Amino acid sequence: MTTQTVELARDKGIVVEKKYHLSYEAFKKEHLFGNYPVVIGDACADWSAKNKFTPAFFKENYSDREVSIAGQTYTLGEYIDWMMTGTEANPAPYPCTLQMESDYPELMPDVLPRLKYALPDRIKSPFLPNRLLSGANTLEIFFGSPGAQFPYVHYDYMSLHAYITQLYGQKEFTVIPPDQTPYLYPKPDNLWVSEVNDIRNPDLEKYPLFAKTTPVTFVVGPGETLFIPCGWWHTARSLTPTISVALDCLNASNWKNFMHEVDMNMQERKPKLAKAVQAYLSVLGGVLGTLEKAGVSV
Ligand SMILES: O=C(O)CCC(=O)C(=O)O
Ligand SMILES: [Fe+2]
């Protein structure tokens, strides 16, 4: 089937497109290894979550479960009421996230089969010590109300690729390419988080270089999946009540970037061990790459 492409946004040479019937090969070349974002219009077509993950479903089945947002605890039922009535001027707190694998394992089948564009994936490889992922959350459900804005501009922790599938409502995303990092004022102790947190009203007196960035903003709707490649700065804002599923991925395309993040995390604390870990990851990357090429995933 031929790919159908719709242009979503274009600004200063950056174009974000929405694609349907995108072959894995084309995705791999243009986006995964091309490190270029795209919205895939039909990636989650086989997920039962597509019709199931509604505010009513979570209210009915999980009202009493607790969620913690910015140090405050709410019940999910309470939060969903808030999210449905929140407004642009008075949004519900954000983000409200559920950890699927640990806390809602019974919902895992609803997000299967795994998005083919998010394969191969090394996050669960038995050869990758979990510790090296430094606690990254790699499969989460997000709830938000109109006007709820992700609290900071960032690229995904450990240089993982992100796949954000919108299942309910409309969410606006803004992306900025990695080569504009010098204008983003990364926090010295958290280089993946920008000090310029309000992208719509940046403090240009404090952060003058930010004026040189070329943010591109577009809307992702139900059934659509945004691929944000490693190192791309981004943030999000709900336009309506929203439910999304965010999934991370690590493979040959972002392995070097991941190794660099591991190194930065270890250099200060354990420089000798850092060197050994880099050597191990370098060999592991080669072995896994060979196996993946042969169609074996471990
Ligand atoms: O959907 C959102 O609010 C953005 C989520 C995000 O970028 C993240 O969790 O890393
Ligand atoms: Fe992110």
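Details of the structure are given in the entry above.
So, how was this worked out
Residues numbered from 1 in each chain as written. Chains lettered and ligands numbered in written order. Predicted model: local features only at pLDDT ≥ 70, side-chain atom pairs only at ≥ 80, totals over all residues. Heavy atoms only, no water. Pairing = 2+ DSSP bridges. Helix = DSSP H or I, 4+ residues; strand = E, 2+ residues; numbered from the N terminus. Axes fitted to C-alpha atoms, helices over the stretch in contact; angles between N-to-C directions. Donors = N, O, S within 2.8 Å, 3.2 Å for Na, K, Ca; no water. Buried < 20%, exposed > 50% of the residue type's maximum accessible area, 1.4 Å probe, protein only. 1 Å grid on protein atoms, 1.4 Å probe; cavity = no way out; pocket = protein on both sides within 12 Å on 5 of 7 lines; lining within 4 Å. Points joined across faces, edges and corners; volume = space filled by probe spheres on them. Nonpolar A, V, L, I, M, F, W, Y, C, P; charged D, E, K, R; others polar. Near = heavy atom within 4 Å. Polar contact = N/O pair within 3.5 Å; in protein donor to acceptor, adjacent residues only side chain to side chain. Areas by Shrake-Rupley, 256 points an atom, 1.4 Å probe, with all protein chains shown as cover. Sits in = over half its atoms within 2 Å of the grid points. Arc of directions from axis to C-beta. Contact = heavy atoms within 4.5 Å. Phe/Tyr/Trp six-rings, centres within 6.5 Å; stacked < 30°, edge-to-face > 60°. Lys NZ or Arg CZ within 6 Å of the ring centre and 35° of its normal.

A.B. asks: What's the story with the sheet that holds strand E15 (residues 242-249) in this structure? I'm lost.
C.D. replies: Backbone-to-backbone hydrogen bonds pair the strands of a sheet. The strands run either parallel or antiparallel. Spatially, the 8 strands line up as an open sheet ordered E1-E2-E3-E13-E8-E15-E7-E6, and their pairing is mixed. Single-partner strands in this sheet number two, and they are strand E1 (4-11) and strand E6 (96-99). Neighbour-to-neighbour, the strand axes of the sheet open up by a mean angle of 20°, direction not taken into account. Note: strand E7 (residues 139-144) against E15, 6 bridges, orientation antiparallel. Bridge pairing in E15 places Leu-139 opposite Leu-247.

A.B. asks: Would you explain the coordination of the iron ion (ligand 2) in this entry?
C.D. replies: Tetrahedral metal sites with four donors have an ideal angle of 109.5 degrees; octahedral sites with six donors have ideal angles of 90 or 180 degrees. Taken together, the protein ligands of the iron ion (ligand 2) are His-154 (NE2), Asp-156 (OD) and His-234 (NE2), with distances of 2.0 to 2.2 Å. Within one chain, the residues donating to the iron ion (ligand 2) are spaced in sequence as H-x1-D-x77-H. Linking His-154 in the loop between E7 and strand E8 (161-168) with His-234 in strand E14 (residues 233-238), this pair joins segments that are 80 residues apart in sequence. Taking relative accessible area as the criterion, His-154 reaches 6% and is therefore assigned buried. The buried category is assigned to His-234, whose relative accessible area is 4%.

A.B. asks: What should I look at first to understand the layout of surface pockets in this one?
C.D. replies: Vacant regions in the atomic arrangement are exposed by a probe of water-molecule size rolled over the atoms. Roughly 520 Å³ of volume is contained in the largest pocket. As for the largest pocket, its lining consists of 26 residues, and the residues nearest its centre are Glu-140, Phe-142, Phe-150, His-154 and Asp-156. Considered class by class, the residues forming the lining of the largest pocket number 15 nonpolar, 7 polar and 4 charged.

A.B. asks: Looking at this structure, how should I read the site of ligand 1?
C.D. replies: In the region of ligand 1, the neighbouring residues are Tyr-94, Phe-142, Phe-150, His-154, Asp-156, Lys-171, Phe-173, His-234 and Ala-236. Contacts to ligand 1 include Tyr-94, whose side-chain N or O atom sits 2.5 Å from an oxygen atom. Protein burial of ligand 1: of its 300 Å² of free accessible surface, 92% is covered by the chains. Of the pockets mapped on this structure, ligand 1 occupies the largest pocket. For the shell around ligand 1, the secondary-structure elements that each account for two or more residues are strand E9 (171-176) and E14. Looking at the shell around ligand 1 residue by residue, the classes come out as 5 nonpolar, 2 polar and 2 charged.

A.B. asks: What am I meant to see in helix H1 (residues 24-32) here?
C.D. replies: Quick reminder: α-helices carry 3.6 residues per turn. Residues three or four places apart thus point the same way. For H1, the full list of buried residues reads Ala-26, Phe-27, His-31 and Leu-32. Down the axis of H1, the buried set is contained in an arc of 155°. They therefore lie on one face. For H1, the exposed residues lying more than 90 degrees away from the buried face are Glu-25 and Lys-29. Looking at the buried side of H1, the elements it contacts are strand E2 (14-20), strand E3 (38-40), E8 and strand E13 (225-228).

A.B. asks: Even after reading the chapter, I still don't get the packing of aromatic side chains, so can you show me in this structure?
C.D. replies: Per the stated rule, a full pass over the model turns up 22 aromatic pairs. On the numbers, 6.2 Å between centres and 5° between planes, the contact of Phe-53 with Phe-57 is stacked. Given a relative accessible area of 17%, Phe-57 falls into the buried group. Of the aromatic side chains, those joined through ring pairs into one cluster are Phe-53, Phe-57, Phe-58, Tyr-62, Tyr-104 and Phe-143. It is Arg-65 that lies over the ring of Tyr-104; its NZ or CZ is 4.1 Å from the centre.

Functional significance is not addressed by these values, which are geometric in nature.
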